[in-house]
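What follows is the residue order along each chain.
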Amino acid sequence: MARQITLFDFTLKKEQNKDESRKEEIPHANINEERRKPKEWIKEAEEGKSYFLLQVDYDGKKSKAICKLYDKETKKIYILYDNTGHKPYFLTDIDPEKVNKIPKVVRDPSFDHLETVIKIDPYSGNKIKLTKIVVKDPLAVRRMRNSVPKAYEAHIKYFNNYIYDLGLIPGLPYVVKKGKLEQLRPELKGEEVDEIRKAFADSDEMTKEAVNDWIPIFESEVPDVKRVAIDIEVYTPIKGRIPDPEKAEFPIISISLAGNDGTKRVLVLLREDVNSQITKHDVIVETFKSERELIRRFFDIILDYPIILTFNGDDFDIPYIYYRALKLNFTPEEIPFDIINDEGKYLAGIHIDLYKFFFNRAIRNYAFEGKYNEYNLDAVATALLGMSKVKLDTLISFLDLDKLIEYNSRDAEITLKLTTFNNNLVWKLIILLARISKMGLEELTRTEVSTWIKNLYYWEHRRRNWLIPLKEEILTRSSQIKTAAIIKGKRYKGAVVIDPPAGVFFNVVVLDFASLYPSIIRNWNISYETVDVENCKNKEYVRDETGEVLHYICKDKPGITAVITGLLRDFRVKVYKKKAKSQNISEEQRSVYDVVQRAMKVFINATYGVFGAENFPLYAPAVAESVTAIGRYVITTTVNYCRSIGLQVLYGDTDSMFLWNPSKEKLEEIIKFVKGKFGLDLEVDKVYKFVAFSGLKKNYLGVYPDGKTDIKGMLAKKRNTPEFIKKEFNEVKQLVTTINSPDDIPKIRDQLEYKIKEIYEKLRHKGYNLDELAFRVMLSKPLESYTKNTPQHVKAALQLRSYGVMVLPRDIIMFVKVKSKDGVKPVQLAKLSEIDVDKYIDAVRSTFEQILKAFGINWGQFTTTSIDTFFNISKK
DNA sequence: GCGGACTGCTTACCT
DNA sequence: ACAGGTAAGCAGTCCGCG
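In the annotation of an unreviewed UniProt entry, chain A is listed under the name DNA polymerase and assigned to Sulfurisphaera ohwakuensis. What UniProt states about chain A under its Catalytic activity (unreviewed entry) heading is, verbatim, "DNA(n) + a 2'-deoxyribonucleoside 5'-triphosphate = DNA(n+1) + diphosphate". Under the Sequence similarities (unreviewed entry) heading, UniProt states for chain A: "Belongs to the DNA polymerase type-B family."

Q: So what's going on with the side chain of His 793? Residues and values would help.
A: Its place among the elements puts His 793 in helix 25 (residues 792-802). His 793 has contacts with Val 777, Met 778, Leu 779, Tyr 786, Ile 813 and Phe 815, leaving out every residue within four places of it along the chain.

Q: Can you tell me about the sheet that holds strand 28 (residues 775-778), naming the residues and giving the values?
A: The strands that make up a sheet pair up through hydrogen bonds in the backbone, lying either parallel or antiparallel. Read across the open sheet, the three strands follow the order 28-29-30; overall the sheet is antiparallel. Edge positions in the sheet fall to strand 28 and strand 30 (824-826), since each has one partner strand and no second. Averaged over all neighbouring strand pairs, the angle between strand axes comes to 40°, with direction disregarded. Relative to strand 30, strand 29 (residues 812-817) is paired through three bridges, and the arrangement is antiparallel. Across the sheet, Val 816 pairs through a bridge with Lys 825, a residue of strand 30. Against the sheet, helix 25 contacts strand 28, strand 29 and strand 30, and its axis sits at roughly 50° relative to strand 30.

Q: An account of the nonpolar core is requested, with residue identities and associated values reported.
A: Among the nonpolar cores identified, the biggest contains 201 residues, and Phe 218, Phe 337, Phe 368 and Phe 571 are the most heavily contacted of them. A per-element tally of this core places helix 13 (residues 401-437) first, with 18 residues. Looking at this core, you find at least three residues from each of domain 1 (243-422) and domain 2 (469-553 + 614-703). What Phe 571 contacts, discounting residues up to four positions off in sequence, is Ile 196, Phe 200, Val 211, Trp 214, Ile 215, Phe 218, Tyr 576 and Met 600. One finds Ala 716, Ile 745, Ile 835 and Leu 852 within the second-largest nonpolar core, a separate group that totals 58 residues.

Q: Explain the domain arrangement of chain A to me, using residue names and the numbers behind them.
A: You'll often see interface size given as the accessible area lost when the parts meet. Domain annotation of chain A identifies domain 1 (243-422), domain 2 (469-553 + 614-703) and domain 3 (714-862). One C-alpha centre belongs to domain 1, the other to domain 2; they are set 46 Å apart.

Q: So what's going on with the pattern of salt bridges? Residues and values would help.
A: Evaluated as defined, the whole model comprises 57 salt bridges. Within this structure, Asp 314, Glu 343, Lys 345, Lys 356, Glu 442 and Arg 446 form a network of salt bridges that share partners.

Q: Go over the protein's contact with DNA strand C with me, naming the residues and quoting the values.
A: Taken together, 34 residues form the shell around DNA strand C, and within it Ser 450, Ile 487, Asn 615, Lys 795 and Lys 817 come nearest. In the interface set of DNA strand C, defined as its atoms within 4 Å of the protein, sugar plus phosphate atoms amount to 76%. A distance of 3.2 Å separates a phosphate oxygen of DNA strand C from a polar atom in the backbone of Ile 487. Taking Gly 494, its main chain carries an N or O atom lying 2.8 Å from a sugar or linking oxygen of DNA strand C. Of all the secondary-structure elements, those providing two or more residues to the surface near DNA strand C are helix 11 (361-367), helix 15 (449-463), helix 19 (587-611) and helix 25. Looking at the surface near DNA strand C residue by residue, the class counts come to 13 nonpolar, eleven polar and ten charged.

Q: Account for the environment of Leu 763, with residues named and values stated.
A: Tracing the backbone through its elements, the reader meets Leu 763 in helix 23 (residues 745-764). Here Leu 763 falls in the buried class, since its relative accessible area comes to 4%.

Q: Summarise the state of the cysteines; cite the residues concerned and give the values.
A: Under the criterion given, the structure shown has one disulfide. Each sulfur of the disulfide joining Cys 536 and Cys 554 lies 2.3 Å from the other. Looking along the S-S bond of the Cys 536-Cys 554 disulfide, the torsion reads about 100°, which is the right-handed sense. With a gap of 18 residues between them, Cys 536 in the loop between helix 17 (516-523) and strand 21 (539-543) and Cys 554 in strand 22 (residues 549-554) connect regions that are remote in the sequence. Judged by its relative accessible area of 9%, Cys 554 falls in the buried class.

Q: Tell me about the pairing of strand 28, and please be specific about residues and values.
A: As a general feature of sheets, a regular strand has side chains that alternate between the two faces. The alternating pattern of strand 28 places Phe 775 and Val 777 on one face and Arg 776 and Met 778 on the opposite face, and all of these are buried. One ladder, built from four bridges, connects strand 28 with strand 29; its direction is antiparallel. Residue pairing for strand 29: Phe 775 is matched across the bridge by Phe 815.

Q: Which residues make up the confidence of the model for chain A, and what values do they have?
A: In the predicted model, chain A carries a mean pLDDT of 91, and 93% of its residues have values of at least 70. In the model, residues 1-36 has pLDDT below 50 throughout and makes 77 contacts with residues more than four positions away in sequence or in other chains. Contacts of residues 864-876 to residues separated by more than four positions or lying in other chains number 14 contacts, the stretch itself having pLDDT below 50.

Q: Give a description of the environment of Glu 849 that names residues and reports values.
A: Here Glu 849 shows up in helix 26 (residues 837-854). For the pair Glu 849 and Ser 694, spaced 155 residues apart in the sequence, the C-alpha separation amounts to 8.1 Å.

Reading the values: the criteria
Residues numbered from 1 in each chain as written. Chains lettered and ligands numbered in written order. Predicted model: local features only at pLDDT ≥ 70, side-chain atom pairs only at ≥ 80, totals over all residues. Heavy atoms only, no water. UniProt positions renumbered as here; feature names shortened; annotations may be inferred. Helix = DSSP H or I, 4+ residues; strand = E, 2+ residues; numbered from the N terminus. Contact = heavy atoms within 4.5 Å. Pairing = 2+ DSSP bridges. Axes fitted to C-alpha atoms, helices over the stretch in contact; angles between N-to-C directions. Core = buried A, V, L, I, M, F, W, Y, C linked by side-chain atoms within 4.5 Å. Buried < 20%, exposed > 50% of the residue type's maximum accessible area, 1.4 Å probe, protein only. Domains from an automatic or database assignment. Salt bridge = Lys/Arg side-chain N within 4 Å of Asp/Glu carboxyl O. Near = heavy atom within 4 Å. Polar contact = N/O pair within 3.5 Å; in protein donor to acceptor, adjacent residues only side chain to side chain. Nonpolar A, V, L, I, M, F, W, Y, C, P; charged D, E, K, R; others polar. Disulfide = S-S within 2.5 Å. pLDDT = per-residue confidence, 0-100.

See the structure below:
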């Protein structure tokens, strides 16, 4: 979590040799293996009742898969043990007789039996015979898979394998019939079905077939599952030391709970060391004389909830509670938590750590469009809810109980709200993502988008009875790369960026290709099993913008990636984006459809990228390279066409074109051209009153007719730019938005000049405070890992550490530039008087130059001579 | 011993 | 562990220089 380091963040310098002390501190460090949880935390599901499937797990004691189901009526979670006799297995391409001769397989105590199965080869479409090695427990697969020459589908987690084989979809409603789960389909109105049919009228047969299966995923109701957010506060005698959960050496002084059933509760420990007077609160406050009683009460309350939400609970709250409870002599059987692989497991239901979910890059960029760029609770809540944590000017340990209750309860409230705001947007998003990826909630919220996509594709392979190919088998076909990346260390060439002029241009229309890469994947039938494959009758060559042939695509049958991406894209564009804007339905319904289209966007946009990612199990560099090559070909051809009909293309990046004052007719002409030539949709994305280009790529200020602005890439936008520069730039921006025609520009030039002189003077006179002057840079890794050089923020962090402050990865280091050996000092240790003013003038200069250049002003014109003149005058 | 040209590292952005 | 492209600022190195 990105912490803001405050002056209170001190820790003992002796922390270093903590390894030895740690071992003694954990009395239960080795009992993980034999620790057992005989208590039945969850009841079994009943025959004939309907439930929502939330997750599938493996129960080691019963050696069975278990489904975790939610009942809307009782608001409780139930489990259903597997009744189909499903067992773990993997596949191999040798005959059963040969497998029988491998002792490491057939002599293993967990070996069960062999079967011959028929699968379809994704490349040829032919049926192939394989031997299925069935075992009694999932760990046996790991032991055996290296004993056969080729082991297929041997790296899939058992519970996911179970989901694929039974065709389950987490997040959908099911009814228990004869002990098995049967999907309940939503009822659709006739016109809704018609609308969907229409959207896929021109699609291939394979897609049409699949559409029916996807409808429940998008249309089934999302249940508002009962859940509670929790947050704990721990007493810390030493300033700023973050308590170590495994040691759990300090008492839990307060636990807050906020439920979507209206619960607002704080359990607080009465203490001698602070004022324990408690006045009125809008939450229920329960006080405890002993910490043990407090924790016991906490366990009692949460057992009513099927879902627990935390913010960073995997790394802090849950393990702290767990180890602290053990320390207070709770037996493991009394604690409804367990810590497995750095995850806090809630044994009576499901625990979702929202920190991990909001940190997920795909969620940040595609679902929330970069609305937050720091990932602590305060930053995310401020950006999404407009609500922040209670500000403190002292340590938690010193707060009187009234303030502690207020602080603690706010955190739980915010955490809950992160899932309930905008009609449960985030909750619905999580469920939609679970349905699309076919993953249980706990795994989904803790993994990145490549895992989601992998799971979606594995599930789809199994549905078609396709054999999931080995990584090597894909790479023998689609690993050839033909282009060189511009950036050192990258594997292949990416997108085109057109060099923009510097200047102010009025009436700029931005056209962009609607989901360019996904559309290319769909229209060109791109997939791992269609690019550069042997035995192909119907080939289409992939040419980039230079006309060079890079790869070929096989058109004999639809590619799985093209089908799935195309289906999601068409559902999104033709059905759900429209529904999200429809005036015929309620605001609440519209917001549901907006969530649906956002969830799709995540998968659609990330699909191209994963095929170029080495760790993705279906990694196929030729696939990724084909997509960008076709992208370059498409945009280059279109830009040339624009220019041929007399339009001025000012700028473009990947899939966009900035046109200067185009006529409606010509716009329509281009759109028609693109549709006809490529079958792609080109759309008017934005219309600017004017755009101020700095002359740099990915760097401009666009102003809309109503005065609203878009700033892209400019220094003034970057998080690490000091606040005072951002503030001053903002004022300049306000000035600039008032411009309505080229005639207004000279007046603005004078005002810009004056403004900069003002800043210059204020700097010289130390008119800004240290916080405003601070550069804020994130530490991306542990201090020791900066071995190649020592950047400034690392220097500042080192100073902090030698002063006794703990610094961790993802911390934001605030430092100022000073005239000293290092050239920097952390704000906490700096004085205003030692600021290196010249360095700040440089920073002001580079930030403002980006806008000045657009207005044709040269910094040197008025700074070197005229600023000095200005000062000579003002000094008089 | 020092400065300029250069490369590499790091961070933060854009699509 | 989705991708590549662009920019800024600094760290560090090499080279030349009586």
